[in-house]
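Summary of structural features
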Amino acid sequence: DAATGDVRDVLEEKVATFFESGDDKVNWHYLPESNEVLWFSERDNWGQMYLYDLATGKLKNQITHGNGDVTQVLHVDDKARTIYFLAVGKEAGRDPYFRALYRVNFDGSGMNLLTPENADHDVTMSADGRAFLDVASTPTTPQTSVVRDGDGKLVVDVARQNISKLQATGWKPLTPITVKA
């Protein structure tokens, strides 16, 4: 309470090793209109998002599920009750280090992959979440830049990296390998 200085603990997160809330940003988000908080936790051994009631401190529901880590929450639409986030390792058959953009409802339903290409996606969301710039590449393919709407539909093809001069010098891309860890 800013007026009185009173403090009330609402949530407590304990981990045996270390707590990492997000990649370059924190992944929690305060929702004052609904008196809730979106909370990041690795309690199931994957980085997932959870919804808590701030009046009681009780968990309402787990939002994201399954393999793979939520790495960065990019946009929260409080009115539509959706989250746009980057994650790694959620899709079978993909490089587990490639980032992809997803959208999910606060109740955990309707999770959609919005960047379907099997590549690493560097995403910049518009302030209102209605569009995003998607710069994608792999270690063996050049960058492409596109604008997509909030549903992941292609709006405009912005640029494609031309590496023909590099290839003319004899350059060859690396050979990806897979190892068991």
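Our subject is the structure listed above.
Only a predicted model underlies this, so the values are computations on that prediction, with no experimental measurement involved.

Quick notes on the side chain of Thr115
- Structurally, the position occupied by Thr115 is in the loop between β8 (112-113) and β9 (120-125).
- Residue Thr115 is classed as buried on the basis of its relative accessible area, which comes to 0%.
- Within the structure, the side chain of Thr115 is placed 2.9 Å from the backbone nitrogen of Leu101, a separation counted as a polar contact.
- Contact partners of Thr115, with chain neighbours within four places excluded, come to Arg94, Ala100, Leu101, His121, Val123, Phe132, Asp134 and Arg148.

Examining the nonpolar core
- The biggest cluster of nonpolar side chains holds 16 residues, and the ones touching the most others in it are Leu38, Met49, Ile63, Val73, Ile83, Phe85 and Phe106.
- Residue assignment for this core shows that the elements contributing at least two residues are β2 (36-41), β3 (48-53), β5 (69-77), β6 (82-88) and β7 (100-105).
- Excluding anything up to four places from it in sequence, Ile83 contacts Leu38, Ile63, Val73, His75, Tyr102, Arg103, Val104 and Phe106.
- Counting residues in each nonpolar core, the second largest holds eight residues, with Tyr84, Leu86, Leu101 and Leu114 among its members.

Topic: the sheet that holds strand β4 (residues 59-62)
- Overall, antiparallel pairing links the four strands, which are arranged β1-β2-β3-β4 in an open sheet. Two strands in the sheet have a free side with no partner beyond their single neighbour: β1 (29-31) and β4. If you compare each strand with its neighbour and ignore which way they point, the axes differ by 25° on average.
- Judged from the six bridges that link them, β2 and β3 form a sheet pairing that is antiparallel. Opposite Val37, over in β3, you have Tyr52 as the bridge partner.

Comments concerning the pairing of β3
- In terms of burial, β3 is largely enclosed, as six of its six residues are buried.
- Taking every second residue as pointing to the same face, both faces of β3 are buried, with Gln48, Tyr50 and Tyr52 on one and Met49, Leu51 and Asp53 on the other.
- Between β2 and the antiparallel strand that follows it, β3, lie six residues; Asn45 among them carries a positive phi value of about 75°.
- Pairing of β3 with β4 involves three bridges; the strand directions are antiparallel. Across the sheet, Tyr52 pairs through a bridge with Leu59, a residue of β4.
- What sits between the antiparallel neighbours β3 and β4 is a turn of five residues, in which Gly57 has the positive phi angle 75°.

Parameters at a glance
Residues numbered from 1 in each chain as written. Predicted model: local features only at pLDDT ≥ 70, side-chain atom pairs only at ≥ 80, totals over all residues. Heavy atoms only, no water. Helix = DSSP H or I, 4+ residues; strand = E, 2+ residues; numbered from the N terminus. Buried < 20%, exposed > 50% of the residue type's maximum accessible area, 1.4 Å probe, protein only. Polar contact = N/O pair within 3.5 Å; in protein donor to acceptor, adjacent residues only side chain to side chain. Contact = heavy atoms within 4.5 Å. Core = buried A, V, L, I, M, F, W, Y, C linked by side-chain atoms within 4.5 Å. Pairing = 2+ DSSP bridges. Axes fitted to C-alpha atoms, helices over the stretch in contact; angles between N-to-C directions.

Any link to function would need more than the numbers given here.
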